[in-house]
Amino acid sequence: MRILSIACVVLVSLEARGETVVDPALYGFSPKATPAENVAALQKALNGGNRTVRIGRGGVYALNDTIYLDDNTVLECGEGVILEKASSYSHVFANRGIYSYGSNQCITLKNIELRTCSRGAPDGPESNAPGTRGHVAFVRVKDVTISGFRCVDYGNVSQKGGVNNQYCIQFS
């Protein structure tokens, strides 16, 4: 209870300066949560943009679906945070407008360590966005900043035994 109070005080003081900072742990994002719970919690923390989302607690966080990033969003990880792709799906991160032919702006990723476990995207008709092959994919985004990004063990073998050809980061 005391930790929650401290987090709220920090959030309020940063909001007073015009900066909204969200800790996704407040929504259930945890190394102990299921991949689906982590996706729901992180997405809830990010929804709407115009905020900084900081994952401060070290650990491995499993994810099983795409996390969408809105305008004016900063996603930042602290020391020891690893985001792990727990199943095969198209993108770990994508801008919100990727499938709607919309555009986005001002998206920042800081200190992201992504472990893909050599899991690629589905090939062929199972793909959500044919032509986009990045674990992190940005389509029609103005002003993307990426710093301290590591994509480890992304491999090159698809589930069908062929070459995966999935990129760590793709801009289109």
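Residues numbered from 1 in each chain as written. Predicted model: local features only at pLDDT ≥ 70, side-chain atom pairs only at ≥ 80, totals over all residues. Heavy atoms only, no water.

## Things to note about the nonpolar core
Rules: The definition of a nonpolar core used throughout is a set of buried Ala, Val, Leu, Ile, Met, Phe, Trp, Tyr and Cys residues joined through side-chain atoms within 4.5 Å. Exposed residues in this analysis have more than 50% of their type's maximum accessible area, buried residues have under 20%, and partly exposed residues fall in between, with area computed by a 1.4 Å probe over protein chains only. Numbering of helices and strands runs from the N terminus, with a helix taken as a DSSP run of H or I at least four residues long and a strand as a DSSP run of E at least two residues long.
With 29 residues, the main nonpolar core has Phe 29, Leu 42, Ile 55, Leu 75, Leu 83, Phe 93 and Ile 112 as its most contacted residues. If you list the elements that add at least two residues to this core, you get helix H2 (35–46), strand S2 (51–55), strand S3 (59–63), strand S4 (67–69), strand S5 (73–77), strand S6 (81–85), strand S8 (104–110) and strand S10 (134–138). With 5 residues, H2 is the largest single contributor of residues to this core. Counting residues in hydrophobic clusters, the runner-up holds 5 residues, among them Tyr 68, Ala 94, Ala 137 and Val 139.

## A short note on H2
Threshold: To estimate the expected span of a helix, subtract one from its residue number and multiply by 1.5 Å. Contact criterion: two residues are considered in contact whenever any of their non-hydrogen atoms come within 4.5 Å of each other.
For H2, which comprises 12 residues, the first-to-last C-alpha distance of 16 Å matches the rise-based estimate of 16 Å (1.5 Å per residue) to within 8%. Looking at the buried side of H2, the elements it contacts are strand S1 (21–22), S2, S3, S4, S5 and strand S7 (93–95).

## Things to note about the side chain of Lys 85
Selection rule: Charge counting follows a simple rule: Lys and Arg are positive, Asp and Glu are negative, and His as well as the terminal groups are ignored. A side-chain nitrogen of Lys or Arg and a carboxyl oxygen of Asp or Glu constitute a salt bridge if their distance falls within 4 Å. Side-chain atoms alone can form a polar contact between residues adjacent in sequence; in general such a contact is a pair of N or O atoms within 3.5 Å, and within protein one must be able to donate a hydrogen while the other accepts it.
If you trace the backbone, Lys 85 turns up in strand S6. No salt bridge is formed by the buried Lys 85, whose closest oppositely charged neighbour, Asp 65, lies at an N-O distance of 9.5 Å. There is a polar contact of 2.8 Å between the side chain of Lys 85 and the backbone oxygen of Tyr 89.

## Topic: unusual backbone geometry
Of note in this structure, Asn 50 is not a glycine but carries a positive phi near 55°. Relative to the helices and strands, Asn 50 resides in the loop between H2 and S2. Look at Asn 72: it is not a glycine, yet its phi comes out positive at around 55°. Residue position: Asn 72 is located in the loop between S4 and S5.

## A short note on the environment of Arg 119
Here Arg 119 shows up in the loop between strand S9 (113–115) and S10. With 34 residues separating them along the chain, Arg 119 and Asp 153 place their C-alpha atoms 9.1 Å apart.

## Quick word on the environment of Ile 169
Locating Ile 169 in the fold gives a position in strand S13 (residues 167–171). Its relative accessible area of 26% is what places Ile 169 among the partly exposed residues. Along the primary structure Ile 169 and His 135 are separated by 34 residues, whereas in three dimensions their C-alpha atoms are 6.0 Å apart.

## A closer look at the packing of aromatic side chains
Any pair of aromatic rings gets described here by the distance separating the centres and the angle formed by the planes. The condition that has to hold: Aromatic pairs are defined between Phe, Tyr and Trp rings, using the six-membered ring for Trp, whenever the two ring centres lie within 6.5 Å; interplanar angles under 30 degrees are classed as stacked, those over 60 as edge-to-face, and all others as tilted. By the criterion adopted, a ring carries a charge over it if an Arg CZ or a Lys NZ lies within 6 Å of its centre and within 35 degrees of its normal.
A full pass over the atoms with the stated rule returns 3 aromatic pairs. On the numbers, 4.4 Å between centres and 5° between planes, the contact of Phe 29 with Tyr 61 is stacked. You can see Phe 29 sitting in the loop between S1 and H2 and its partner Tyr 61 sitting in strand S3, a full 32 residues away along the chain. Residue class for Tyr 61 comes out buried when judged on its relative accessible area of 2%. For the ring pair Tyr 68 and Tyr 99, a centre distance of 6.0 Å and an interplane angle of 75° mean the geometry is edge-to-face. Pair noted here: Tyr 68 is in strand S4 and Tyr 99 is in the loop between S7 and S8, with a separation of 31 residues, a long-range link. Exposure remark for Tyr 68: the relative accessible area of 19% places this residue in the buried category. With a relative accessible area of 28%, Tyr 99 lands in the partly exposed category. Positioned above the aromatic ring of Tyr 89, the side-chain terminus of Lys 85 is 4.9 Å from the ring centre.

Fair warning: the whole summary comes from geometry, so function is off the table for now.
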